[in-house]
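This is what each chain is made of:
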Amino acid sequence: MSKLANTIKPFARPLAILGGVLLIVAALLPWVTFALNSGKYPDLATLQFFDAPFAVTGFRWHILLLGVLVLIAVFAPIPSKGRVVRSLGWGGLAVALINSIFITTEGGGLGAITAADGNAAFGGIVGIVAGIAVILGGTGIGIELPAKWKVKLSTPLAYLVLVVTFAAVLFAVAQTLTAGGQGGPANPYAGGLFLSFLGFAAGLLTALNGIGLIGWISELSEKHRVFSVVVLLACALLLPFTNAGSEYWMTVAANIGIYAATAIGLNIVVGLAGLLDLGYVAFMGIGAVVAANLSGAAASKVGIDLPFPIAAVIAAIIAGIFGAIVGSPTLRVRGDYLAIVTLAFGEIFTRSAQNNIGGLTNGANAIPGVPPLDLFGKEFNEPLNIGSVELPSGVLYYVLIVLLVAAVMAIFANLKFSRIGRAWIAIREDEDAARAMGIKTGKAKILAFLVGATLAGLAGAVFAHKNGTVSYESFKFLESVTLLAAVILGGMGSIPGAVLGASLLFVLPEKLREFSDYRLMIFGLALVLIMRFRPQGLVPDRHRRAELAGEDVGGVPVDEVHEHDTKGATA
Amino acid sequence: MSTLLQQLANGVVQGALIALIALGYTMVYGIIQLINFAHGEVFMVGAYGGLATYTWIVPESVKDVWYVSLPIVLVGGVAVSVAIALLMERFAYRPLRNAPRLAPLITALGVSVFLQEFVRNFYPNATAALPFPGVFVQGQLVIGPIRVGWSGILLIGVSVLLSIALQTYINRSRMGRAMRATAQDPDTAKLMGVNPDRVIVLTFVLGAALAGVAGVLFGTYLNNINTDMGFQTGIFAFTAAVLGGVGSIRGAVVGAFIIGLVKTLAGQYMPGGTQYDYVWIFVVLILVLVFRPQGLFGEPERVRA
């Protein structure tokens, strides 16, 4: 890489400028030579520039923006110039590539992005070339560490910055969630547009990180922790009021939330304690089954109808007990063997549930008709009116799940920095050394399993009520793999990472319905690629980053020094 | 009594199959301390490779002549298995050789899911179970109350033969010595002139070849293959390897026969029947791990992380 950087060094700036200009040109060029089989590619991509000079919307607008930003970044005196330019380049390349691939595969063929029927449409190709040029230019300018800002703010000003930031985050989340619209046969381009938006957002975010803004803000929020948490929570609760506030998106967001809560629980076991748990989703299943049985569902054998909080607590406790039982071999078994034990446990759960063990799971018929939650006589699956604003149904579940995720995050954060959390991390790093330092490793490991399983059981209880049916199908091995992939993609041991990972892995299938057959295949491949190229995940935990990236002599994570960061491309 | 004898016979056939796969697990673990989750998938891919060979390569005229078609199908299955194993070693595991322990394990999991889904999506009609031709003598061997298909007998014979051959190879040959040396101490082995990369590749190739043979013979025996079979059988084989003591060839074979018998006998005599035979195997696995982690033939002093 450094050799390449040296070769292009003399041309770096012109190359970056050329790339930036080309990006702008690409945005203005037509992208498709004819209307595709399933209609026009979105956002007037088929139009010539002169037909609609200012109607540059959607992904072309993103590309235009990236091009302008590249030019600004090259000429303005900003820190870590090379890194910023390169990030923007990755963003542009991602957008151009994704859209070109979609146009060609959606029935256009290569003619659609070159020349056909007397029309020429080189937008995609120019965009790809431009993206590569910018990346090379950025690399040639020189990749430095993300800049650190020394600006200190007074408390009110800091609060203002944080509020603005979180409002922007809320806006970005709503945009991302709805980007491309609802996937499915009616909207064949949902997947492509969503991925393209992700590429743009990732490019922009990594550029902001490079310039030092994100580091600065995270430091700021670290300093004003309580305030940040409150604002963030408020922002999450405001999501129903944005353009994501329809029933569909609320349901999607609520599902993501359930899996995010479960992923954080898994993160305790895998990320903090370093115990690979391949049957984790079984605990969620246990929680769901227990809650369904205790809540008066028609198929329930138990036949008692407990209020939700009590049922949820019982579900969590029972899942926790199973967690401790499964974790108990950890006293004698280590590492990879433990993974197999947990996998075996997960399979035993699925098998038992499938065969309707004790009449509790209703086998292949699932447990239907779990009643929805209610509070003050208001059922959670009904629409909600606040004053004159009507919010769609599903909002109450969304709110409940946001609170659940917040609670789980709080538990995780407190555990992580507690005595037991440090013990877990010590065990993860070196079990023998931890034992020598007086940590009761057996007890700590069982506790990790217990806490993780309890949280999963709680999430399972909410899952049961929200979905109304509990089937063993929802808790199979591959779901465990998906959760694990979420934790690893986000970054082991990191809270935002787990949420980000869970969001990505559960939004993408919604958007990419037409690729649903390939979902697991892509997950499998993603696990391999992440472990190979970015084992610390998208949002690395600080300790973990040092450990998984390997260190150089000075103790600086190698990743920071020699770059092979491909954030823009992986998103 | 006759049911018991019949189930014992079925268990031995199962054990022979599991042994062929367990050897791959045990060898790879012995050398690079990696649980190759994807090894079960190598077995599955072998079966599909064999089926593809039979469908598209074996000439129509000799399809019914088993002593011509079976060797071709076996070669096809083994070739596919070995190719997959080589690719996976080169591109997934080798770059992670010095990474933290969790990394290759997760990679192995990813490879396993990927292979399973890849075959399911891209092999024609593989979304459902596919019929596998009986490329061997049809009919059954009948001894008193016991009936075993000839293809089952073949499975037992091949399994025992190959295990002995492997054991001999590892104990007697030059490469075998290099393998044992690498397993014991890779750094010292390197100093003594052993090329660890070559040894590791060879280990993967041997394991994959055995798994490929197992895949084809499994198809011939059951006349039915599906993409899930690798995962399930792989877990059984792994359990067998652990039971026998990971790293020990003899242990893997003995463990495999025990697991095969546990599976069939538990399916017959334990409450819940064949629906829960799986569960009993895992019970055995957990009991072994808790009470004798080094397995039946393992060396207790080896530190496992």
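Each value, and the rule that gives it
- Residues numbered from 1 in each chain as written.
- Chains lettered and ligands numbered in written order.
- Predicted model: local features only at pLDDT ≥ 70, side-chain atom pairs only at ≥ 80, totals over all residues.
- Helix = DSSP H or I, 4+ residues; strand = E, 2+ residues; numbered from the N terminus.
- Contact = placed C-beta atoms within 7 Å.
- Rg over C-alpha atoms; globule rule 2.2 N^0.38 Å.
- Buried ≥ 20, exposed ≤ 12 C-beta atoms within 10 Å, placed from the backbone.
- Expected span 1.5 Å × (residues − 1).
- UniProt positions renumbered as here; feature names shortened; annotations may be inferred.
- Nonpolar A, V, L, I, M, F, W, Y, C, P; charged D, E, K, R; others polar.
- Axes fitted to C-alpha atoms, helices over the stretch in contact; angles between N-to-C directions.
- Parallel < 35°, antiparallel > 145°, perpendicular 65-115°, else oblique.
- Left-handed = near helix turned anticlockwise from the far one by under 90°.
- Pairing = 2+ DSSP bridges.

Novice: Sorry, what's going on with the overall build of chain A here?
Specialist: Looking only at helices and strands, chain A features 23 helices and six strands. For chain A, contacts bridging at least 24 residues in sequence account for 78% of all contacts bridging at least 6.

Novice: Please clarify how the overall build of chain B should be interpreted in this entry.
Specialist: Tallying secondary structure elements over chain B gives 11 helices and four strands in all. The globule rule puts the C-alpha radius of gyration for 305 residues at 19 Å, and the 19 Å found for chain B is close to it. If you line up chain B on its principal axes, its C-alpha atoms span 55 × 45 × 35 Å. Here chain B, with 305 residues, has 53% of them falling under the buried criterion. Look at the contacts in chain B between residues 6 or more apart in sequence, and 75% of them connect residues 24 or more apart.

Novice: Could you clarify how one ought to interpret helix α3 (residues 58-75) of chain A in this entry?
Specialist: An α-helix turns once every 3.6 residues. As a result, residues three or four positions apart point the same way. When the terminal C-alpha atoms of α3(A) are compared, their 26 Å separation across 18 residues agrees well with the 26 Å that a helix rising 1.5 Å per residue should span. Burial in α3(A) covers these residues: A:G58, A:F59, A:R60, A:H62, A:I63, A:L65, A:L66, A:G67, A:L69, A:V70, A:A73 and A:V74.

Novice: What am I meant to see in the UniProt feature "transmembrane region" (unreviewed entry) in chain B here?
Specialist: Residue and element names in this part refer to chain B. UniProt records the feature "transmembrane region" (unreviewed entry) at residues 12-35, 42-59, 65-87, 148-170, 199-222, 234-266 and 278-297, using the numbering of this structure. In this annotation, residues 199-222 is assigned 100% helix and 0% strand; the end-to-end C-alpha distance for the span is 34 Å. Secondary structure within residues 278-297 divides into 70% helix and 0% strand; the distance between the first and last C-alpha atoms comes to 24 Å.

Novice: When you look at the interface of chain A and chain B in this model, what are you seeing that I'm missing?
Specialist: The accessible area lost on association of the parts is a frequent measure of interface size. Contacts between chain A and chain B engage 33 residues on the former and 34 residues on the latter. The element that contributes the greatest number of residues to the side of chain A that touches chain B is helix α13 (residues 335-354) of chain A, accounting for 10 residues. Broken down by class, the residue content of the side of chain A that touches chain B amounts to 21 nonpolar, four polar and eight charged.

Novice: What's the story with the packing of helix α1 (residues 2-32) of chain B against helix α2 (residues 39-57) of chain B in this structure? I'm lost.
Specialist: For any two helices packed against each other, the geometry comes down to the angle between their axes and how far apart the axes lie. Residue and element names in this part refer to chain B. Contact geometry for α1 and α2: axes closest at 9 Å, N-to-C directions at 140°. The orientation of α1 with respect to α2, classified from their angle, is oblique. Remark: the crossing between α1 and α2 carries right-handed chirality. In this structure, α1 contributes I21, G24, Y25 and V28 to the contact, and α2 contributes H39, G40 and F43. When the residues that make up the contact of α1 with α2 are grouped by side-chain class, the tally is four nonpolar, three polar and no charged.

Novice: What is the right way to look at the pairing of strand β2 (residues 140-143) of chain B in this model?
Specialist: Walk down a regular strand and you will see the side chains alternate between the two sheet faces. All names here are of chain B. Of the pairings in the sheet, the one linking β2 to strand β3 (residues 146-149) comprises four bridges and is antiparallel in character. Of the residues in β3, the one forming a bridge with I143 is I146. Remark: two residues form the turn of the hairpin made by β2 and β3, two consecutive strands paired antiparallel; G144 in that turn has positive phi of roughly 55°.

Novice: So what exactly am I meant to see when it comes to the packing of helix α10 (residues 247-272) of chain A against helix α18 (residues 477-490) of chain A here?
Specialist: All names here are of chain A. Contact pair α10 / α18: the axes reach a minimum separation of 9 Å and the direction vectors enclose 75°. It follows that α10 is roughly perpendicular to α18 by the angle criterion. Across the interface between the two elements, Y259, T262, A263, L266, N267, V270 and G271 of α10 pack against L483, L484, A486 and V487 of α18. Grouping the amino acids of the contact of α10 with α18 by side-chain chemistry returns eight nonpolar, three polar and no charged.

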